[in-house]
Amino acid sequence: MIALAWRNLWRQRRRSLISLFAVALVVLFAILMYSMMGSMSNAMYQDLTKEVGNIQIHKAGYRDAQDFSSGLLTNAAQVRETVAQTAPNAIVLGSLQAPALLAGEVRSRGMVIQGQDWPDAIKADFIANNLAEGKFVEGDNLTGIMLGKSLATALDVNLGDDVYVYAPGTEGYGAAAYTVEGILDFDDPNREIYAAYVSLPAIQELAAPDALSRLELHYPEIKTIEEDELIAPDVAALSAALGSDTEVEAWQQIDPNLASIVKVFMPMVVVESLIFFILAGLLVLNTVYLSTLERIREFGVIISLGAKGRQVMGMVTLESLLMCLTGAALGLAIGLSLIALGSNGFQFPGYSEEMLASMGMPSVFYLSIEPWQVLLAVGFAVLTAFFAALGPARMAANIEPAEAMRYTA
Amino acid sequence: MSLYEVKDLKKTYQLGDVKTDALRGVNLTINEGEFTAIAGPSGSGKSTLLHLIGGLDKPSSGEIYLNGKRIDQLGKQEGAAVRLSTLGFVFQAYNLIPVLTALENAAFVLELQGISKKEREAKALSALKTLEMDEFKDRRPNQLSGGQQQRVAVARALAANPKVILADEPTANLDSETGQRLIHYMKKLNQEQGVTFVFSTHDPRLLEHVNRIVRIEDGRVIGEEHPQPLAA
C-alpha cells in the first residue's frame, strides 16, 4: 500500500510538488523560528546573567525597603562563608549600589553608583568588552571612578577630571570626590548612560561600611535557560542554609519582566507556526481532494474487489502522510543546514548593535535547536496530513461501487 | 449444490423525476462449477443483475442468497468482506490500477486480504502463469494490450481463489482473436479448476462456449438454454 500511495502521489506531479513544497516551506519556517526564539531567549538570559549573576542573594524584603540601609546585607562575610560551603562551584561577587548625585564642574545627574568584587574571569571579560579608555578601577583604589561614555559626555567630564558624588541617606561619609580614570563603552545605551563604577571599598566607605546590596553567584558554564535547571538545587540549598533573613533569587525573580517575555516567546512562535501549518494543510487538502475525485471510478473498483471502508481511508490518508512527511524531510534538511551555519553566529543586516542592545537583544545570534522542537515541527506536519486527508478519505470510503464505476464509464 | 439463489429480484433507478425499472422480478439459481451467461440486449438489466448478485448495489426488493447466506441486506463492511472472501470480479474496462505492475495488480485482492507479500506474490504469479501472463509481470497496464490487461484482471480475480468469478462483458473491448483467447483461458479455469463463472454478455463468441444461457429482456428472465458448448 505504501508503494501504491507513493506512486499515486506522482500521477499529478505538479500538483503534488506544489503541496509538498508548501509543507517543506512551513516546516523550514517553523524550525528556523523555533531556533531564533530559542537563541534570542538564551542570548537574553546570558546577557542578564553575565551582568547580574545566575543567582542573587539579598536581604529579605529588600524590594520593599523604606530606606537605604534596611535593604542591605550587613552580615556579608557570614553569608559569603555559607555560600562558599553550599555552592562551591559558583563564582561569587559582592556588590553595593547607592543612590547618588554625580556632578562634574558644570552638570550633574541623579543615578545609582556601584562598586563590586571583580573575580578574575568576570574582570577579564569586562575589561575586554567594556573598557574603552583609561584604566580599570578596582581593589584598594579609593579615588578612581569609571564612567560610561555617554554619562561622561552628559556630565561634560573626561579622563583625569573630577566627579563629585553626593549620597544622602546612606551610612558612610555620604559624599566624595573621584577622578575619572576609566571610560566604559556598552552596547546598550541605557546601561552606558547610567554606568558609574568605583571600587567596592570606595563605595562601602561612601555609603555602607562592610555591607553589600547583594551577592551575585555566576556560573559561566551555564549558557541556556534549559541548563539553568541544573543550578535550581543550589537555589534551594542556599535558601535553606541562609534562612529567612535573606532572599535567594534565580534569574526569573531577578528579572521577572525578562522571564515573562521569554515564557511567551516559544508559545507565540508555536501558535504562529500552527497557523502556517493550517494554511499549508488547506493546500494539501485541495490536492488530496482533487486526487480522490479524479479516481472515484478506481476507488469504486477497489471497493468492488472487497476493500473495507477503513482500508480505503487508509490509502487516502497514507498518500497525504507521504506527501507531508516528504515535505517535512525537505524542510528539515534545509532548515537544519541553515541552523548549523547559523550556530557559528550571524548578525542581522541593517540592525546596529546599539539598536539591538536597546531592545535587550544580542548583536550576534547563535542558532540552535532542541530535539523536541524538531519533533514538534514534524508532528505538526503529520497532523496536517491527517486532517487534510480526513474529508477526502471519508468520501472515498463511502463511494457506492456500482455508481462509481458508471461515473466515468 | 446451489451457489446463488435469487428470489423475485427488483431494481428501480430514480433519475430525477424518471423512474426506470431495471429488474422486474428475477428468479435465478446458479450452481457451483457453472459456466453461465446472463445474456440480453443493451438495457436488458444483465449488468444490473450481475452487480446485485455481486453485492455492488442494493435491490429495491427481493432476496439474494450466496452459499445459503442472505447478502442483499448486508452493511457496507459485511458486503466488502463477502466480496473479498468469496467473489472475484472482471470488468468490461479491465479496471486495473494504472500505477501497479501486472504482478501487483494480480496480487491486489490478496493484499486486501492481509496476505504476506511473499505469499501473495507467489499466488499472483501462479495466477498470471495460468493466464500465460507471467512474462509480463513487471509491466504496467499502459504497457499491455487490451487482451493482456483483461488476462491480468482475470488473474487478479483468480489469485484470491474465489468461489465464483463475476465477469461483466469481459470480451466487449477485445478483438475477435483476443476475445477467443480470453474465453479459452476462462473455460480452462472452469474445466480444470472448477471455478464458477457468471458472465453478463451479449457477445456471441462467449455464448458459444457457455453451458447455460439465462436470457433476460426488459428486466425479466425470458428463458434458459443449455447449449452444447464449443470446445475451448
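Our subject is the structure listed above.
**Student:** Could you give an account of the overall build of chain B, naming the residues involved and the relevant values?
**Tutor:** In terms of helices and strands, chain B carries eight helices and 10 strands. Here the C-alpha radius of gyration of chain B, 17 Å, is about what a compact globule of 232 residues would show, namely 17 Å. In terms of principal-axis extent, the alpha carbons of chain B reach across some 45 × 40 × 40 Å. Classification of the 232 residues of chain B by burial places 53% in the buried group. Across chain B, every contact between residues at least 6 apart in sequence was considered, and the portion connecting residues at least 24 apart equals 68%. When the accessible surface of chain B is summed, it comes to about 9,900 Å², and 44% of that surface belongs to carbon and sulfur atoms. Of the charged side chains in chain B, 29 are positive and 29 negative; the average position of the first set lies 4 Å away from that of the second.

**Student:** So what's going on with the pairing of strand β10 (residues 246–250) of chain A? Residues and values would help.
**Tutor:** Residues and elements named next belong to chain A. Among the five residues in β10, four count as buried, and that is most of the element. Examined bridge by bridge, strand β1 (residues 55–59) and β10 share five bridges and lie antiparallel to one another. Opposite Ile 55, over in β10, you have Ala 250 as the bridge partner.

**Student:** Quick rundown of the packing of aromatic side chains? Include the residues and the values.
**Tutor:** The tally for this structure, following the rule as stated, stands at 14 aromatic pairs over all chains. On the numbers, 4.7 Å between centres and 50° between planes, the contact of Trp118(A) with Phe126(A) is tilted. Of the two residues examined, Trp118(A) and Phe126(A), each falls in the buried class. A centroid spacing of 5.5 Å and a plane angle of 70° characterise the contact between Phe35(B) and Phe197(B), whose relative ring orientation is edge-to-face. One end of the pair, Phe35(B), is in strand β3 (residues 35–39); the other, Phe197(B), is in strand β8 (residues 196–201), with 162 residues separating them in the sequence. Taken together through their ring pairs, the aromatic side chains of Trp118(A), Phe126(A), Phe136(A), Phe186(A) and Tyr197(A) make up a single cluster.

**Student:** Please give an account of the nonpolar core that cites residues and values.
**Tutor:** Within the largest apolar cluster, 188 residues are counted, with the highest numbers of intra-cluster contacts made by Ile57(A), Leu102(A), Ile113(A), Leu147(A), Tyr4(B) and Ile53(B). The leading source of residues in this core is helix α2 (residues 13–52) of chain A, at 14 residues. Viewed by domain, this core spans two of them, domain 1 (2–47 + 259–407) and domain 2 (55–218) of chain A, each represented by three or more residues. With residues up to four places along the chain from it excluded, the contact list for Leu102(A) reads Arg107(A), Ser108(A), Arg109(A), Met111(A), Ile145(A), Leu147(A), Leu151(A), Leu155(A), Val163(A), Tyr164(A), Val165(A) and Ala196(A). One finds Ile122(A), Phe136(A), Val137(A) and Phe186(A) within the second-largest nonpolar core, a separate group that totals 11 residues.

What counts as what
- Starting from 1, residues in each chain are numbered consecutively following that chain's sequence as written.
- Key to labels: chains lettered from A, ligands numbered from 1, both in the order written.
- For this predicted model, a pLDDT threshold of at least 70 governs which residues receive local features, and a threshold of 80 or more governs which side-chain atom pairs are given and counted, while totals over whole chains, interfaces and linings are taken from all residues.
- Calculation of side-chain values draws on the structure's entire complement of heavy atoms; hydrogens and water are dropped beforehand.
- Helical segments are the DSSP runs of H or I of at least four residues, strand segments are the runs of E of at least two, and each set is numbered from the N terminus.
- All radius of gyration figures rest on C-alpha atoms, and the globule criterion is 2.2 Å times the number of residues raised to 0.38.
- The rule is simple: take the accessible area with a 1.4 Å probe, protein chains only, and divide by the maximum for that residue type; under 20% is buried, over 50% is exposed, in between is partly exposed.
- Whether two residues are in contact is decided by their heavy atoms: any pair within 4.5 Å suffices.
- Computed with a 1.4 Å probe, the accessible areas rest on the Shrake-Rupley method; for each residue, only the protein chains presented here act as cover.
- Only four residue types enter the charge count: Lys and Arg as positive, Asp and Glu as negative, with His and the chain ends excluded.
- Each charge is placed at NZ for Lys, CZ for Arg, CG for Asp and CD for Glu.
- Here, a strand pair is defined by DSSP locating no fewer than two bridges between the strands.
- Aromatic rings from Phe, Tyr and Trp, taking only the six-membered ring of Trp, are treated as a pair when their centres fall within 6.5 Å; an angle between ring planes under 30 degrees marks them as stacked, one over 60 as edge-to-face, and anything in between as tilted.
- Nonpolar cores are built from buried Ala, Val, Leu, Ile, Met, Phe, Trp, Tyr and Cys residues. Side-chain atoms within 4.5 Å join them into one set.
- How far each domain reaches was decided by an automatic or database domain assignment.

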